[in-house]
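Structural overview
Take a look at the letters that make up each chain.
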Amino acid sequence: MVVDGRAPSSTTTHCPYCSLQCGMRLERVGRTLQVAEWAEFGVNEGALCRKGRTATGLRGHRERLTTPLVRDPATGEFRAAGWDEALDLVAARLAEIQAESGPDSIAVFGGGGLTNEKAYALGKFARTVLRTSQIDYNGRWCMSSAATAANLSFGLDRGLPFPLRDVETADLVVLVGSNMAETMPPAARHLDRLRASGGRLVVVDPRRTPTAERADLVLQPVPGTDLALALGVLHHLVATGAVDEEYVAARTTGFDDVRRSVTAWWPEQVERVTGVPADDVRALADLLAAHPKAMILTARGAEQQSQGTDTVLAWINVALALGLPGREGAGWGCLTGQGNGQGGREHGQKADQLPGYRSIEDPAARAHVAEVWGVDPATIPGKGRSAYELLEALGQADGPRSLLVFGSNIVVSAPRASHVTERLASLDLLVVADIVLSETAAMADVVLPVTQWAEETGTMTNLEGRVILRQRAVAPPEGVRSDLDVIAGLAHRFGSSLDFPTDPEKVFAELGRASAGGLADYSGITYDRIRDEQGVFWPCPATPEGAAPHPGTTHLFADRFATPDGRARCHVVEHRGAAEVPDADYPLHLTTGRVLAQYQSGAQTRRIKELPDSGPFIEVHPLVAARLGIDDGSLVTLTTRRGDLRAAAKVVDTIREDTVFVPFHWAGVNRLVNDALDPRSRMPEFKVCAAALKVGGH
Ligand code: SF4
């Protein structure tokens, strides 16, 4: 068939959005690009949610940026600029600022939606060309607490240590803080198959979500008390003799201290703290004890808390007590959120890490990566500030004076967002690379228009640790460049003699060498293998020439954990509660989350006309609504100690009476959110703060 004089072509690739990275075909028919099924790709078997199905809507969008923009100091307005002018200007201003204030006066902010190649190149550029330690990314706000907990317990962090499909062969799945049916609908088919084969499902969430509607047991704890719930579950397992003592003795350390630490957490005490009936606490523990192939999966609800790391550690302790990690069809895992939330933290755009998921403070790791980069290890800067702390420091006496942003819309997505916006406004130079004029790009001094997913090739690592390949299906619009080109162009202007390839396959090969021997070892993975094998699971080390290639690692921890002695670590954790709890002035808990039709800051999905854009709304329980005189759909004002939001009320009986919920895809919502940080992972407390609600718009 020939349409408009051009032969149709079909390219297999993956969705631009969430961590499921659903496979899809992009079919070019004449001038149009259409999304079609890729049924053979096993993760989603052709199924796509409405975001994936409409993902080509940004191609040719009238708001698509196709020329660099430079803010005119005289008028304060943007004007179009050529690429040379824009990159020359950025490089010259950065050099001036560094000459005056040192390397750390420049900061770099990356994103969990960037390909592995971009994340790697960005980290290398920051550390070898800019020589700044000030680099972190928005994935810090995604599931860094779960990553920290997994590293502490298992010595290794891969969101799911098993393929997602194993959900179907489990006999019990406990979802803690995940609304899978709305956030990644194709994944919910695994839950449906679990249920169809007689498996049980438990959902822990302050809201009775569409995911909870599928469950056998729903527990609705007070936001911020998931940790106490886990302590109560473990207490009951200990009290009823359900602990797998053989496994605990053979494969863990520290369990006796943990066992003692939960003594006081009787289910009745858990009920007082969490609001979950004591009988339900016991029921969950009994279900776990009765199902040898149980899976505990945590997500943002449990993780985006100022005690997020400890909360995940508490649930991992439950899993270890039952001997689940490493058992086939069982275990603990984290359902990552952003498209490359997993790969984004493995290749060096994180403040504390070098490629291969290596610590930047490890001399051996520094030496290895320095050799691949061709630099002296001593010149690689040390650990920088975490994402929120970096933004808070902007424009302060000892903080960065300039910021380069790639793949992130901080103005919408940061906690206490109006404070962050003030910090951005105080900068001497803000540079944003994006596909549209996002709220953050609109504040920039220079905006660089970059390619979007269908226009470029690169790898992502999905929530299973499966490295997949997004393939270019169409050429980018004239005037648009890849982030890799931008990075190479800036490195060149800084006079760097280092190699910054713009061919993603070359970058991937270098990334593989840099990761070799690290925890996330990609050195045996190639683009060809990914194409042939529907993705390759890391770790996948290179093998000597002539030897069979490493098959990749679908399942982790079958025989040993990635700790020096091979045993998992049980950690004593204490329930501290949320940093901010209701009081007379702010009597409700506020929690936030996602809706089906939108993704993250909404910079992409809000611009796709086929996706309904409701704007923010405030879910409130009917009893609270009646008390405050609020009707469904009426305008209400939600206030926290950081700001207020006027939006329509949605009166629902699916939420706890003491809690309100707002989806976060729009500017203004995260202004309300508390910036209290988890001490270990530096995760902000997105999921709970105190709030007041009143009828009307003032
Ligand atoms: Fe895309 Fe996620 Fe929807 Fe799949 S579930 S189509 S990856 S947004």
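Scroll up to find the structure.
So, here's what we can say about the structure. (Residues numbered from 1 in each chain as written. Predicted model: local features only at pLDDT ≥ 70, side-chain atom pairs only at ≥ 80, totals over all residues.)

Regarding unusual backbone geometry
For the bond running from tryptophan 538 to proline 539, omega is -5°, close enough to zero to count as cis. Mapped onto the elements of the fold, proline 539 is located in the loop between β21 (536-537) and β22 (568-569). In this structure, glutamine 21 takes a positive phi of about 50° despite not being glycine. Examined against the element boundaries, glutamine 21 turns out to sit in the loop between β1 (9-14) and β2 (23-29). Despite not being glycine, arginine 131 has its phi angle at roughly 55°, a positive value. The topology assignment puts arginine 131 in the loop between α3 (116-129) and β7 (135-137). (Helix = DSSP H or I, 4+ residues; strand = E, 2+ residues; numbered from the N terminus.)

Focus: the site of the ligand
Every one of the 14 residues lining the ligand counts as a neighbour, but Cys15, Cys18, Cys22, Cys49 and Gly52 are closest to it. Looking at the shell around the ligand, the elements that each hand over two or more residues are α1 (50-53) and α6 (185-196). Of the residues contributing to the shell around the ligand, the split by class is 10 nonpolar, three polar and one charged. If you count residues domain by domain, the shell around the ligand takes at least three from each of domain 1 (9-58) and domain 3 (144-334). (Near = placed C-beta within 6 Å. Nonpolar A, V, L, I, M, F, W, Y, C, P; charged D, E, K, R; others polar. Domains from an automatic or database assignment.)

Details of helix α14 (residues 363-373)
Here α14 has its buried residues at Ala365, Arg366, His368, Val369 and Trp373. Buried positions in α14, seen along its axis, are confined to an arc of 165° and lie on one side of it. Pointing more than 90 degrees away from the buried face of α14 are the exposed residues Pro363, Ala364 and Glu371. Looking at the buried side of α14, the elements it contacts are α3, β14 (353-354), β15 (358-359) and α19 (504-515). Just downstream of α14, glycine 374 is the residue with a positive phi angle, here 80°. (Buried ≥ 20, exposed ≤ 12 C-beta atoms within 10 Å, placed from the backbone. Arc of directions from axis to C-beta. Contact = placed C-beta atoms within 7 Å.)

Looking at helix α4 (residues 144-154)
Of all 11 residues in α4, 10 are buried; the element is thus mostly enclosed. Taken as a whole, α4 has its buried residues at Ser144, Ser145, Ala146, Ala147, Thr148, Ala149, Ala150, Asn151, Ser153 and Phe154. Where the residues of α4 are buried, they touch β12 (294-298), α12 (300-303), α13 (308-321), β13 (331-334) and β22. At the exit of α4 stands glycine 155, carrying a positive phi of roughly 80°.

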